[in-house]
Amino acid sequence: MYVLGTVVASLVCFLLLKWTKKRRFCLDTKRLHGKTVLITGGHCGIGKETAIGLAVRGARVIIACRDAGKAEEAVREIRRASCSMNVQHMELDLANLQSIRDFSEALLKREKRLDVLINNAGMPCVLDWTDDGFSMCFGFNHLGHFLLTNLLLGRLKESAPSRVISLTSSMYKYQKLDFQDLNYNIVPFFTYCRSKLANIYFTQELARMMEGKGVTAYSVHPGFVHSNWMSHFSTVFRMLLWLVMVLFSVPCEAAAQTVIHCAVADEVLQHNGKFFFDCQPAKLHPLAEDEGAAKKLWEASERMVNLT
């Protein structure tokens, strides 16, 4: 009986875990010939799978990455997986504001259109500082993408209808922004949560500002993903996380589906500024539905990156 009970319990747990990890796939087959897509962090993980999914649909894909060697290798793999040679890479360091400005200037000279900007790159829960003195999570995850998007906004409007997709996380709900200390950098998990809430506020305010101008914006929670983000942590911590990752994480290919959906599906146009999970709009925690906070963050971010 004990053996039978153990087997039944194990089977139930296995089926429950399998159900919780079941994800929708983007079934929209719309072609993207003539469209240009920029993906930050497109050399690995969700970004790489997104690049493959959009290149397969015929888009010109540019992946932005700080490490040229990794980017070149990723370009070869994306081309091979998508059977498309229209995949390029450019160097970008989101932890350095000057790098973002140089990148944007080079991209605008080189590319005549930009149809989809995917703010995919992200920094996990780490205590570090950007080259400009911002906490790494907030500076990289929010300020870097905030400046990049604003510098490319003119080209996005010229290419309308266009889209901006920013990856966030369900962890946003565990912290509020402290406008007296946006550069908070004490508890790693808290800094991460605040940066992910900032991604949502940024998307909402961008959508309001671009209303009627041909640019729509969406924030996406890809799910708990088994990717290379653990490489930022120690070996001991990675070992502790391994079992959790095996049981509850989803592969990058599945996690990229909602990003791809927001990039190609026409049905998302009626949900401008909304938060997406599993290829559909999802309900936000009330703290992330504060229009005043979103506007205040936008104005503070402009000052922090010297955007005029």
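Residues numbered from 1 in each chain as written. Predicted model: local features only at pLDDT ≥ 70, side-chain atom pairs only at ≥ 80, totals over all residues. Heavy atoms only, no water.

Per an unreviewed UniProt entry, the chain carries the name Retinol dehydrogenase 14-like isoform X1 and comes from Huso huso. Reading the Sequence similarities (unreviewed entry) entry of the UniProt record for the chain gives the comment "Belongs to the short-chain dehydrogenases/reductases (SDR) family." (UniProt positions renumbered as here; feature names shortened; annotations may be inferred.)

(A) Representation of the pattern of salt bridges in the model. Per the stated rule, a full pass over the model turns up 13 salt bridges. Between R113 and D115 there is a salt bridge, with the nearest N and O atoms lying 2.6 Å from each other. Judged by relative accessible area, which is 3%, D115 ranks as buried. Here the residues in one salt-bridge network are K30, R163 and D266, joined through shared partners. (Salt bridge = Lys/Arg side-chain N within 4 Å of Asp/Glu carboxyl O. Buried < 20%, exposed > 50% of the residue type's maximum accessible area, 1.4 Å probe, protein only.)

(B) A look at the sheet that holds strand β7 (residues 275-277). What the eight strands build is an open sheet, ordered β3-β2-β1-β4-β5-β6-β7-β8; its pairing is mixed. Every other strand in the sheet has two partners, leaving β3 (87-91) and β8 (280-281) as the edge strands with one partner each. Across five bridges, strand β1 (residues 36-40) lies against strand β2 (residues 60-65) in parallel orientation. In the sheet register, V37 faces β2, and the bridge partner there is V61. Lying on the sheet, helix α6 (residues 188-209) is in contact with β4 (116-119), β5 (162-167), β6 (215-221) and β7; it crosses β6 at an angle near 160°. (Pairing = 2+ DSSP bridges. Helix = DSSP H or I, 4+ residues; strand = E, 2+ residues; numbered from the N terminus. Contact = heavy atoms within 4.5 Å. Axes fitted to C-alpha atoms, helices over the stretch in contact; angles between N-to-C directions.)

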